[in-house]
Amino acid sequence: MAQPKDFGFGADEQMIRDTARRFLADAAPVNKLRGLVAAEPHAFVSGDRLLPAVFDADVWRRIVELGWPGLPVPEAAGGLGMKMVAVAALVEEIGRAALPSPLLATFFAAFALRECSSDASTEALERIAAGTPAALAVADAAGDFYPENTPVIANGEAASTTLTGTAHFVQDARKAAFFVVAARTAAGTGLYAVPADAPGLLIEADRIIDATRDQARVSFASTPAVPVAEAPHGGDALNRALPAIWTVIAADTVGASEWLLQTTVEYAKVREQFDRPIGTFQAVKHPLVDVMLEIDFARSHLYNAACAIDTEPDKAERFARMAKAQAGEAGGFAADRAVQLHGGIGFTWECDVHLFFKRNLHSRFLFGDGAHHRRRLADLLLGS
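What counts, and at which threshold
Residues numbered from 1 in each chain as written. Predicted model: local features only at pLDDT ≥ 70, side-chain atom pairs only at ≥ 80, totals over all residues. Heavy atoms only, no water. Axes fitted to C-alpha atoms, helices over the stretch in contact; angles between N-to-C directions. Helix = DSSP H or I, 4+ residues; strand = E, 2+ residues; numbered from the N terminus. Parallel < 35°, antiparallel > 145°, perpendicular 65-115°, else oblique. Left-handed = near helix turned anticlockwise from the far one by under 90°. Contact = heavy atoms within 4.5 Å. Nonpolar A, V, L, I, M, F, W, Y, C, P; charged D, E, K, R; others polar. Expected span 1.5 Å × (residues − 1). Buried < 20%, exposed > 50% of the residue type's maximum accessible area, 1.4 Å probe, protein only. 1 Å grid on protein atoms, 1.4 Å probe; cavity = no way out; pocket = protein on both sides within 12 Å on 5 of 7 lines; lining within 4 Å. Points joined across faces, edges and corners; volume = space filled by probe spheres on them. Salt bridge = Lys/Arg side-chain N within 4 Å of Asp/Glu carboxyl O.

(A) Up close: the packing of helix H8 (residues 233-270) against helix H9 (residues 282-311). Where H8 contacts H9, the two axes come as close as 9 Å, and the packing angle between them is 155 degrees. Classified by the interaxial angle, the pair formed by H8 and H9 is roughly antiparallel. The way H8 lies across H9 gives a crossing that is left-handed. Residues Pro243, Ala244, Thr247, Ala250, Ala251, Val254, Ser257, Glu258, Leu261, Thr264, Val265 and Ala268 of H8 form the contact with H9, whose own contacting residues are Val284, Leu288, Val291, Met292, Ile295, Ala298, Arg299, Leu302, Ala305, Ala306 and Ile309. By residue class, the composition of the contact of H8 with H9 is 18 nonpolar, three polar and two charged.

(B) Representation of helix H5 (residues 84-97). Taking 1.5 Å of rise per residue, 14 residues should cover 20 Å, and H5 covers 20 Å from first to last C-alpha, within 8% of that figure. Among the 14 residues of H5, 13 are classified as buried, and the element is accordingly described as predominantly covered. Looking one or two residues past H5, alanine 98 carries a phi angle of roughly 50 degrees, positive in sign.

(C) Spatial organisation of empty space enclosed by the protein. Overall, the coordinates contain four cavities of 30 Å³ or more when judged by the stated rule. In this structure, the largest cavity encloses a volume near 90 Å³. As for the largest cavity, its lining consists of Ala27, Ala28, Pro29, Lys32, Leu33, Leu36, Asp56, Val59, Ala97, Leu99 and Pro100. No other element matches helix H2 (residues 30-37), which puts three residues into the lining of the largest cavity. Put simply, the second largest cavity is a space of about 50 Å³.

(D) Summary view of the pattern of salt bridges. Under the counting rule described, the total for this entry stands at 25 salt bridges. Close ionic contact of aspartate 26 with arginine 62 constitutes a salt bridge, the shortest N to O distance being 3.6 Å. Of this pair, aspartate 26 sits in helix H1 (residues 11-27) while arginine 62 is found in helix H4 (residues 57-66), placing the two residues 36 residues apart along the sequence. Judged by relative accessible area, which is 56%, aspartate 26 ranks as exposed. Residue classification places arginine 62 among the partly exposed residues on the basis of a relative accessible area of 25%. In this structure, the salt-bridge partner of lysine 315 is glutamate 312, at a minimum N-O distance of 3.3 Å. A network of salt bridges, in which partner residues are shared, links Glu92, Glu258, Asp296 and Arg299.

(E) Region of the structure containing unusual backbone geometry. Following alanine 231, the chain continues into proline 232 via a peptide bond in cis, with omega recorded as 0 degrees. Topologically, proline 232 is positioned in the loop between strand E8 (226-229) and H8. We note that alanine 98 has phi near 50 degrees; this positive angle belongs to a residue other than glycine. The topology assignment puts alanine 98 in the loop between H5 and helix H6 (103-113). Residue class for alanine 98 comes out buried when judged on its relative accessible area of 0%. Here the phi dihedral of phenylalanine 169 falls at roughly 55 degrees; this positive angle occurs in a residue that is not glycine. Residue position: phenylalanine 169 is located in strand E3 (residues 162-171).

This is the structure we're talking about:
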């Protein structure tokens, strides 16, 4: 099936994007973001960086009322069953606001669950659609997120299943009410749902630079778990969900990069040097145009990948890897130029650029950086 015109981006997707932009401009402006996550820089300055998992509970309540957690959830499980291009449009606005919330982590879990076909996965999706935050726990200590290498081991069968091991780089773990965990068995990899308050479950926060997010190690010690996809079908489900995860991270990066570009453009209009706005100098104009082009390249890859998930699933992995790689490069470049062109204030805590800079840096390496995805693309296109 060929991709539709404009990647299938129609009136519904535009409404979601415009509604999100208005809502976030009102509920989560950058001055509110600063007060929420960057009011006290001492933890970062001291090198501790072990910050509380902060987010605005009232904003989350309103997000749930808008139905955003249910966007990727099938209608049969109580969600909206929207296309991936709609999810991408929403997440681009989330990134533009650098919103601290469990929404992206919940999407990751939902992408994995919707690839399963069990009563337990449907029940978990219903909880997500109702606004219960979740997180996906799959990576090992080296950051490998492929299901066959998960460090968690499942023991027992069905109702008596327990998990042992530690999942790393779990996003917004301290905000989640339950986890979707990849665990190995003798038959392969399965997926399991585990409540955040389950016995034997321990959440240890990571020290990260991104103040808008929460990341942790989640350990299991004979922790009871509910299978949502038995082995080896859980590994297959997670592999099918990965393109959507990469696409969402790319969307968040594109949105944050757009904020960096627009903010730097506005600064260049008012910051004067030699009695002229610095934006009149070619040494400033040309890098800003380069940033714009890099973001546009990334956005094209982003919606191409989202549309492939909707209409050409056989091409989804290839296009999603392209989107993740290009978004990571564009995000790093946009952040670098924003700091540079803000001059001396650009690397200070008081300048909001650092919040988006760090979010982009985190996203760049989350679920694989550009080098990783280009290497895997070479395997897909040229052979291992």
